[in-house]
Amino acid sequence: MKSITVLGSTGSIGTRTLEVAEQLGDRIRVVSLAAGSNWRLLAQQANRFRPELVALADEKQVPRLRSALADSGIEVAGGSDGVVAAASVDNADTAVVAVVGVAGLPASFAALESGKTLALANKETLVAAGELLTQVARDNRAEIVPIDSEHSAIHQCLRAGTVDEVQRLLLTASGGPFRAFSKFDLKRVTPEMALRHPTWTMGAKVTIDSATLINKALEVIEARWLFGIPADRIGVVVHPQSVVHSMVEFRDGSILAQLGLPDMRVPIQYALTYPERLPRSTRRLDLAELGGLTFEPPDTDRFPGLLLGWRAASEGGTAGAVLNAASEVAVDLFLNRRIRFTEITPIAARTLDCHTVTHPGSVDDVLEADRWARKKAMALAPGG
Ligand SMILES: NC(=O)c1ccc[n+]([C@@H]2O[C@H](COP(=O)([O-])OP(=O)(O)OC[C@H]3O[C@@H](n4cnc5c(N)ncnc54)[C@H](OP(=O)(O)O)[C@@H]3O)[C@@H](O)[C@H]2O)c1
């Protein structure tokens, strides 16, 4: 039996994690849960899974959660310290971090520092603090198992060989909804158009990032730290069907790929049960029915946001935190119709240009770079 803690349990990945945990029955025990402010759903989850501890980051809502769980015997904690307590709770061997944004950083570090396996969905942790996080994992002999589908695919392919045998990692990208748009048409993209992703249903930020290919840039950075492969040995190939989730090319020229229908519950179950692989009743991929898979190079002339990934991954240190924060600000401005779709990448790039990379020694250093980048990106925006 595995004992898990789920941080960000009320979100898209968090609720699917609990769904998978329920399907796995008595193989999984939920020891603690944490969320941002959705006390109602957290209370429902607590009543269903009977964890020892639940935490809510938003202190204002904690009294409501406490009264909802008054006679349950479940301990209730509040604020970011409460979330960290849920991440480092005794009796759990795996922490699922599905918190959104840099708010996930303290939980990820706390999980590793308490020696747990980190089942990581939160992109921002690796993008903003990958160098530091992987050092902390090594220091604590703790493992990081990715939930992001591309990195899960690479993790699975790497079971066929060692990192020393890898020639390069190949991340696949759907290409986003504007794969065939001209530069002229890209200028006229509206938030409504960009929010329609061809294959995955996700939050607004990651959907817009998929359309600019900045999401793939962030995944290059994630892969660089997670697998310890230099940025110039990480490639990206556009694969509109999103069936091949990513690949590893080994030094003898063999390429291994992981395939499956797009369903986040598959990488979630893999991370929960790793190193075991348990059965799952799910719709199966039928390659004959599919007919064909296509691949093409990314067009970095129309989608220059992708290049920022290699740049930040090579620069290391705080560059990832700055790219992450600046792109978040730019996406927000676009969603609020203050900038055009084609201005998102230049704002992120100019923020990186203005930044002097340092090597953070703590989560606070990373959060400081994040704050700096947000201010700078706002100042660089038109009318800022
Ligand atoms: N969705 C996907 O398919 C997918 C795929 C790959 C990677 N990811 C990554 O996984 C992460 C989560 O994505 P998501 O789509 O599940 O996001 P989401 O639906 O927005 O859920 C975010 C979760 O984080 C919680 N939260 C917010 N602030 C918090 C805080 N300060 N402390 C603790 N919990 C907090 C939220 O609680 P409330 O509900 O109370 O606000 C919610 O449970 C992101 O980093 C995303 O990039 C997502």
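Conventions and cut-offs
Residues numbered from 1 in each chain as written. Predicted model: local features only at pLDDT ≥ 70, side-chain atom pairs only at ≥ 80, totals over all residues. Axes fitted to C-alpha atoms, helices over the stretch in contact; angles between N-to-C directions. Helix = DSSP H or I, 4+ residues; strand = E, 2+ residues; numbered from the N terminus. Parallel < 35°, antiparallel > 145°, perpendicular 65-115°, else oblique. Left-handed = near helix turned anticlockwise from the far one by under 90°. Contact = placed C-beta atoms within 7 Å. Pairing = 2+ DSSP bridges. Core = buried A, V, L, I, M, F, W, Y, C linked by C-beta atoms within 7 Å. Buried ≥ 20, exposed ≤ 12 C-beta atoms within 10 Å, placed from the backbone. Domains from an automatic or database assignment. Expected span 1.5 Å × (residues − 1).

Chemist: I keep staring at the packing of helix α11 (residues 214-227) against helix α14 (residues 307-315) and nothing clicks. Help me out?
Modeler: Each packed pair of helices is defined by two parameters, the angle between the axes and the distance between the axes. α14 packs onto α11 with a crossing angle of 25 degrees between their chain directions and a minimal axis gap of 7 Å. Classified by the angle their axes make, α11 and α14 are roughly parallel. Considering only the axes of α11 and α14, their crossing is right-handed. Touching Ile214, Lys216, Ala217, Leu218, Val220, Ile221 and Arg224 of α11 are Leu308, Gly309, Trp310, Ala312 and Ala313, all from α14.

Chemist: What am I meant to see in the sheet that holds strand β4 (residues 75-78) here?
Modeler: Adjacent strands of a sheet form backbone hydrogen bonds with each other and so pair up, either parallel or antiparallel. Taking strand neighbours across the sheet as the criterion, the 7 strands line up as β4-β3-β2-β1-β5-β6-β7 in an open arrangement whose pairing is parallel. Each end of this open sheet is capped by a strand with a single partner; those strands are β4 and β7 (144-146). Adjacent strand axes in the sheet meet at a mean angle of 20 degrees when their direction is disregarded. Across 4 bridges, strand β1 (residues 2-7) lies against strand β5 (residues 94-97) in parallel orientation.

Chemist: Hey, could you run me through the nonpolar core in this one?
Modeler: Across soluble globular proteins, you tend to see nonpolar side chains buried next to one another. Among the nonpolar cores identified, the biggest contains 118 residues, and Leu7, Val54, Ala86, Val97, Ala326 and Ala330 are the most heavily contacted of them. At 11 residues, helix α15 (residues 319-335) tops the list of elements feeding residues into this core. Summarising the domain contributions, this core has at least three residues from each of domain 1 (2-146) and domain 2 (151-316). Excluding anything up to four places from it in sequence, leucine 7 contacts Ala34, Val83, Ala86, Ala87, Ala95, Val96, Val97, Ala98, Val99 and Ala107.

Chemist: When you look at the sheet that holds strand β10 (residues 244-250) in this model, what are you seeing that I'm missing?
Modeler: On the basis of which strands lie adjacent, the open sheet formed by 4 strands has the order β9-β8-β10-β11 and mixed pairing. At either margin of the open sheet sits one strand with a lone partner, and together these are β9 (234-238) and β11 (255-259). On average, adjacent strands in this sheet sit at an angle of 20 degrees to one another, irrespective of strand direction. Judged from the 5 bridges that link them, strand β8 (residues 166-173) and β9 form a sheet pairing that is parallel. In the strand pairing of β9, leucine 171 is matched with valine 236. Each of β8, β10 and β11 is contacted by helix α7 (residues 149-157), which is oriented at about 40 degrees to β10, the strand it contacts most.

Chemist: Mind showing me how you'd approach α11 here?
Modeler: Because each turn of an α-helix spans 3.6 residues, side chains separated by three or four positions in sequence point in the same direction. For α11, built from 14 residues, the straight-helix expectation of 20 Å at 1.5 Å per residue is met to within 8% by its first-to-last C-alpha distance of 20 Å. Most of α11 is tucked away, with 13 of its 14 residues classed as buried. Once α11 ends, the next one or two residues include glycine 228, with phi positive near 65 degrees.

Chemist: Is there a simple way to think about the environment of glycine 384 in this case?
Modeler: With respect to the helices, strands and loops of the structure, glycine 384 is situated in the segment after α17 (363-380). Glycine 384 sits in the partly exposed class, given 14 other C-beta atoms within 10 Å. Here the alpha-carbon distance between glycine 384 and glutamate 343, two residues 41 residues apart in the chain, equals 13 Å. Apart from the residues within four sequence positions on either side, glycine 384 is in contact with Met378 and Ala379.

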